[in-house]
Amino acid sequence: MTNAEYQKQYRRARQQFPKLTQRAMRDILRAYRTAGKRASKFVAGSLVEGLTTPTAKAYVAFQGELKKAAEAIAGEIEKITPVTVKKAADATAEVHVKYLGEAVETAEAGAKVAKSGIKNLYVGVNDRVVRDLVSRTSRSGYTFSKSVWRTAGDFPVQMNRVIEAGIAQGRDAIDIARDITAYVNDGKTAMIKRYGKLKRGVYGFAQRISDDVSWQALRLVRSELYMSLQNASVAQGKATCAADGKYDWVLSSGGQHKCVCGTLADNSPYGESRIPGYPHPNCRCTITPRLRDEKKFNADLKRWVEGEKVSHIDTWYKNVYKQG
Ligand SMILES: [Zn+2]
Ligand SMILES: [Zn+2]
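Residues numbered from 1 in each chain as written. Chains lettered and ligands numbered in written order. Predicted model: local features only at pLDDT ≥ 70, side-chain atom pairs only at ≥ 80, totals over all residues.

Student: In this structure, what is going on with the overall build of the protein chain? I would like to understand it.
Tutor: In terms of regular secondary structure, the protein chain is built from 13 helices and three strands. Computed over its C-alpha atoms, the radius of gyration of the protein chain comes to 26 Å, more than 25% above the 20 Å expected for a compact globule of 324 residues. Looking at the 324 residues of the protein chain, the share that counts as buried comes to 36%. (Helix = DSSP H or I, 4+ residues; strand = E, 2+ residues; numbered from the N terminus. Rg over C-alpha atoms; globule rule 2.2 N^0.38 Å. Buried ≥ 20, exposed ≤ 12 C-beta atoms within 10 Å, placed from the backbone.)

Here it is in structure tokens:
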């Protein structure tokens, strides 16, 4: 594979990221809708006053329902996110495996470096990236799991607010049940439209409801996904002796960048220790490892397999390949 082909294939692999992210977003939205349906169904079968009286049986049962709904949301997010990271990381890993595999073949270095060994190396790299998603703590000091549960925990809060607002507006259980569906599926504005003219005092209740119940979760997951993929790119670059240890910051396409990302891209390439950290929520930039000059690399590999010392390949062989 030539370096130009690597670029092309890497770009194509990277284009999977937005698609996979969108699919994850869809799945998370579905989890919210399911939770909304559950809450809506419960409300439709209740006397709404009982849902806001903490001593009432209906209130206790409803809070239990909401808790289960939030748990289901959190469970889905915790399942979907690592799977998505894995799929996206596998796409770029495949390009590295192919590139290095072909170089090894051309240099007839198969006796020292097995194709299966290269493959396993990248399985290990991607496993670590996924594990890191689960174990790292955010700037606010939360693990991914903790952040997910906190975010999903907002669902019951918003549901209770929707009910309070509905009662203040004098709506019955069936109406409020439908309000919940409208809110979860289409947001607060769509829900408030259903009210018609707001009664006195309802505005205050409505104001406390957040605009979109799933927005925070989507933002969290989108950020975590791209942060993981940036980490994956670096880890994958480190795992191949074909890369030269430099990385390009690649601006996400579409949308305006009123953020630091344009500067980050302009200042490319970066050595490993200088790669910028994840700059801001929702950043969808990616990182691409640079390759060594292909002619020189192929020659290096050839010399190395014939017994010459080639320090960058020796180091890789000892510290990366053999440890893989
Ligand atoms: Zn940015
Ligand atoms: Zn960015």
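Student: Just to check I follow, could you spell out the environment of His312 for this structure?
Tutor: Position of His312 among the secondary structure elements: in helix α13 (residues 311-321). For His312, a count of 15 C-beta atoms within 10 Å puts it in the partly exposed group.

Student: What is the right way to look at the sheet that holds strand β2 (residues 270-271) in this model?
Tutor: Sheets are built from strands that pair by backbone hydrogen bonding, the pairs being arranged parallel or antiparallel. Read across the open sheet, the three strands follow the order β2-β1-β3; overall the sheet is antiparallel. The sheet is open, and its two edges are formed by β2 and β3 (286-291), each paired on a single side. Two elements, strand β1 (residues 243-250) and β2, share two bridges in a ladder whose sense is antiparallel. Bridge pairing in β2 links Tyr247 to Tyr270. (Pairing = 2+ DSSP bridges.)

Student: Help me understand the nonpolar core, please; the structure alone is not making it clear to me.
Tutor: If you look at soluble globular proteins, the nonpolar side chains tend to sit buried side by side. By size, the foremost hydrophobic cluster in this structure holds 85 residues, and its most contacted members are Val43, Ile73, Ile77, Phe155 and Ile180. Sort the elements by how many residues they give to this core and helix α3 (residues 57-106) lands first, with 19 residues. In contact with Ile73, other than residues within four places in its own chain, are Ala31, Tyr32, Ala35, Ala152 and Phe155. (Core = buried A, V, L, I, M, F, W, Y, C linked by C-beta atoms within 7 Å. Contact = placed C-beta atoms within 7 Å.)

Student: Please explain the environment of Thr2 as it appears in this structure.
Tutor: With respect to the secondary-structure elements, Thr2 resides in the segment before α1 (3-14). Owing to 12 C-beta atoms within 10 Å, Thr2 belongs among the exposed residues under this scheme. Remark: the alpha-carbon pair of Thr2 and Arg23, spanning 21 residues in sequence, is separated by 32 Å.

Student: What is the right way to look at the environment of His96 in this model?
Tutor: Inspection of the secondary structure puts His96 in helix α3. Once residues within four sequence positions are removed from consideration, His96 is found in contact with Tyr122, Gln236 and Thr240.

Student: I would appreciate a short explanation of helix α2 (residues 16-44) in the present structure.
Tutor: Think of an α-helix as turning once every 3.6 residues; residues three or four places apart then point the same way. An ideal rise of 1.5 Å per residue puts 42 Å on 29 residues; α2 measures up with 42 Å between its terminal C-alpha atoms. Inspection of α2 places Phe17, Ala24, Ile28, Ala31, Tyr32, Ala35, Gly36, Ala39, Ser40, Phe42 and Val43 among the buried residues, and these make up the whole buried set. (Expected span 1.5 Å × (residues − 1).)

Student: Mind showing me how you'd approach α3 here?
Tutor: Across its 50 residues, α3 extends 74 Å between first and last C-alpha, which sits within 8% of the 74 Å expected from 1.5 Å per residue. Immediately beyond the C-terminal end of α3, within one or two residues, lies Glu108, with a positive phi of roughly 55 degrees.

Student: What should I look at first to understand the packing of helix α4 (residues 115-135) against helix α10 (residues 215-238) in this one?
Tutor: For any two helices packed against each other, the geometry comes down to the angle between their axes and how far apart the axes lie. At a minimum axis separation of 10 Å, α4 and α10 run at an interaxial angle of 145 degrees. Considering only the axes of α4 and α10, their crossing is right-handed. Residue-level contacts link Tyr122, Val125, Asn126, Arg128, Val129, Asp132 and Leu133 of α4 to Glu224, Ser228, Asn231, Ala232, Ala235 and Gln236 of α10. By residue class, the composition of the contact of α4 with α10 is six nonpolar, four polar and three charged. (Axes fitted to C-alpha atoms, helices over the stretch in contact; angles between N-to-C directions. Left-handed = near helix turned anticlockwise from the far one by under 90°. Nonpolar A, V, L, I, M, F, W, Y, C, P; charged D, E, K, R; others polar.)

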